[in-house]
Amino acid sequence: MTGPTWLFGYGSLIWRQDFPFLDARPAFVTGWERRFWQGSHDHRGVPDDPGRVVTLIRSSGRRCYGRAFLIEPDVFEHLDHREINGYRRYPVDLGLPQAQVPGVMYVADTDNPAFLGDAPIDAMVAQIRRCAGASGTNVEYVLELARALRALDETDPHVEDLAARLGTTPEGH
Ligand code: BEZ
């Protein structure tokens, strides 16, 4: 990467920006859906009891909405470290309000060792309620993501379902 690059954020990047960026826009990617199917044994859980965080799953024709950040190449070094634990960078075409641009996103593939996959909703809720890691509780992660999506005028049924079962605010559980 030689110049500023658009990074698509669909998880914690939407609500926790501890990195510099030159621009930020609402954005979407086509052919993907957000799911709480990735295990977190560092940020939102521990190795013996991993929490659940989002990854993207291929889904023909569906759109995942989030936020794109224009970042300098050196910022990826910080994010690669922050997002270690099964995620890798994918090139992707991003939909911005007025344009389609090439970009990059982090995806945890189904074959990474921390991948958890689907589970009954009650089991997911129980796991999220129980888990916490170095960055805080797993509940906070879900509720902050739901809140950030609503602030973008977006709702994601999977995120909303979990958020509704967990409480409406990070303080409300
Ligand atoms: C995101 O917000 O896009 C994201 C954050 C962490 C890992 C993967 C994706």
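Remember, predicted model here, so these are calculated numbers, not experimental data.

Tallying each qualifying case throughout the model produces nine aromatic pairs. With 6.0 Å between their ring centres and 85° between their planes, tryptophan 15 and tyrosine 141 make a pair best called edge-to-face. Separated by 126 residues along the polypeptide, tryptophan 15 in helix α1 (residues 12–15) and tyrosine 141 in helix α4 (residues 138–151) bring together distant segments of the chain. Tryptophan 15 sits in the buried class, given a relative accessible area of 19%. With centroids separated by 5.1 Å and ring planes inclined at 65°, the aromatic side chains of phenylalanine 21 and phenylalanine 69 adopt a geometry described as edge-to-face. Remark: phenylalanine 69 occurs in strand β3 (residues 51–71) and phenylalanine 21 occurs in the loop between α1 and β2 (23–40); sequence separation between them is 48 residues. Classification of phenylalanine 21 as partly exposed rests on a relative accessible area of 34%. A network of ring pairs unites the aromatic residues Trp15, Phe36 and Tyr141 as a single cluster.

Note on placement: proline 157 falls in helix α5 (residues 157–166). A relative accessible area of 67% means that proline 157 is categorised as exposed. For the pair proline 157 and alanine 146, spaced 11 residues apart in sequence, the C-alpha to C-alpha distance is 9.8 Å.

A complete count under the given rule lists 13 salt bridges for this structure. Taking the shortest distance from any N to any O, the salt bridge between aspartate 18 and arginine 16 comes out at 3.4 Å. Exposure remark for aspartate 18: the relative accessible area of 36% places this residue in the partly exposed category. Connected through salt bridges with shared partners, the residues Glu33, Arg35 and Arg62 form a single ionic network.

Here α4 crosses α5 at 125°, and the two axes come no closer than 9 Å. Classified by the interaxial angle, the pair formed by α4 and α5 is oblique. Considering only the axes of α4 and α5, their crossing is left-handed. Across the interface between the two elements, Val139, Val142, Leu143, Leu145, Ala146, Leu149 and Arg150 of α4 pack against Val159, Glu160, Leu162, Ala163 and Leu166 of α5. Its residues placed into classes, the contact of α4 with α5 shows 10 nonpolar, no polar and two charged.

This brings us to the nonpolar core. Counting 52 residues, the largest nonpolar core has Phe8, Val29, Leu56 and Met105 as its most contacted members. Here the element with the most residues in this core is β3; it accounts for nine residues.

Tracing the chain through its elements places arginine 44 in the loop between β2 and β3. Accessibility expressed as a relative area gives 3% for arginine 44, which makes it buried. A C-alpha to C-alpha distance of 9.1 Å links arginine 44 and glutamate 140, two positions 96 residues apart in sequence. Sequence-distant contacts of arginine 44, that is, excluding residues within four places in its chain, are made with Trp15, Gly51, Val53, Cys131, Ala132, Gly133, Ser135, Gly136, Thr137, Asn138, Glu140 and Tyr141.

In terms of strand pairing, strand β4 (residues 87–96) meets strand β5 (residues 99–108) through 10 bridges, oriented antiparallel. Its bridge partner being in β5, leucine 94 is matched across the sheet by valine 101. Here β4 folds back onto β5 in antiparallel fashion, the turn holding two residues.

The next point concerns the side chain of arginine 44. Polar contacts involving the side chain of arginine 44 include one to the main-chain carbonyl oxygen of serine 135, which spans 3.4 Å. Separated by 2.7 Å, the side chains of arginine 44 and glutamate 140 make a polar contact.

Analysis parameters
Here, residues in each chain are numbered from 1, in the same order as that chain's written sequence. Predicted model: local features are reported for residues with pLDDT of at least 70 only, side-chain atom pairs are reported and counted for 80 or more only, and whole-chain, interface and lining totals are derived from all residues. Based on all heavy atoms of the structure, the side-chain values leave hydrogens and waters out of the count. Only Phe, Tyr and Trp rings take part, Trp by its six-membered ring, and two of them pair if their centres are within 6.5 Å. Stacked means planes under 30 degrees apart, edge-to-face means over 60, and tilted covers everything else. In DSSP terms, a helix is any run of H or I states spanning at least four residues, a strand is any run of E spanning at least two, and both are numbered starting from the N terminus. Buried means the residue's accessible area, taken with a 1.4 Å probe over protein chains only, is under 20% of the maximum for its type, while exposed means over 50%, and partly exposed covers the values in between. Whenever a carboxyl oxygen of Asp or Glu lies within 4 Å of a side-chain nitrogen of Lys or Arg, that contact is scored as a salt bridge. Think of each axis as a best-fit line through the C-alpha atoms, taken over the contacting stretch in the case of a helix, with angles from 0 to 180 degrees between the N-to-C directions. Any angle that is under 35 degrees is reported as roughly parallel, and any over 145 degrees as roughly antiparallel; angles of 65 to 115 degrees are reported as roughly perpendicular and all others as oblique. If you view the pair so one helix is near and one far, a crossing is left-handed when the near helix is turned anticlockwise from the far one by less than a right angle, and right-handed when it is turned clockwise. The contact criterion used throughout is that any non-hydrogen atoms of two residues lie within 4.5 Å. Each residue is assigned to one of three groups, with Ala, Val, Leu, Ile, Met, Phe, Trp, Tyr, Cys and Pro labelled nonpolar, Asp, Glu, Lys and Arg labelled charged, and all others, Gly among them, labelled polar. To qualify as a nonpolar core, a set must consist of buried Ala, Val, Leu, Ile, Met, Phe, Trp, Tyr and Cys residues joined through side-chain atoms within 4.5 Å. At least two DSSP bridges between two strands are required for those strands to pair. The term polar contact refers here to a pair of N or O atoms within 3.5 Å; inside protein, the definition further demands a hydrogen-donor-capable atom paired with an acceptor-capable atom, and it admits residues adjacent in sequence only when both atoms are side-chain atoms.

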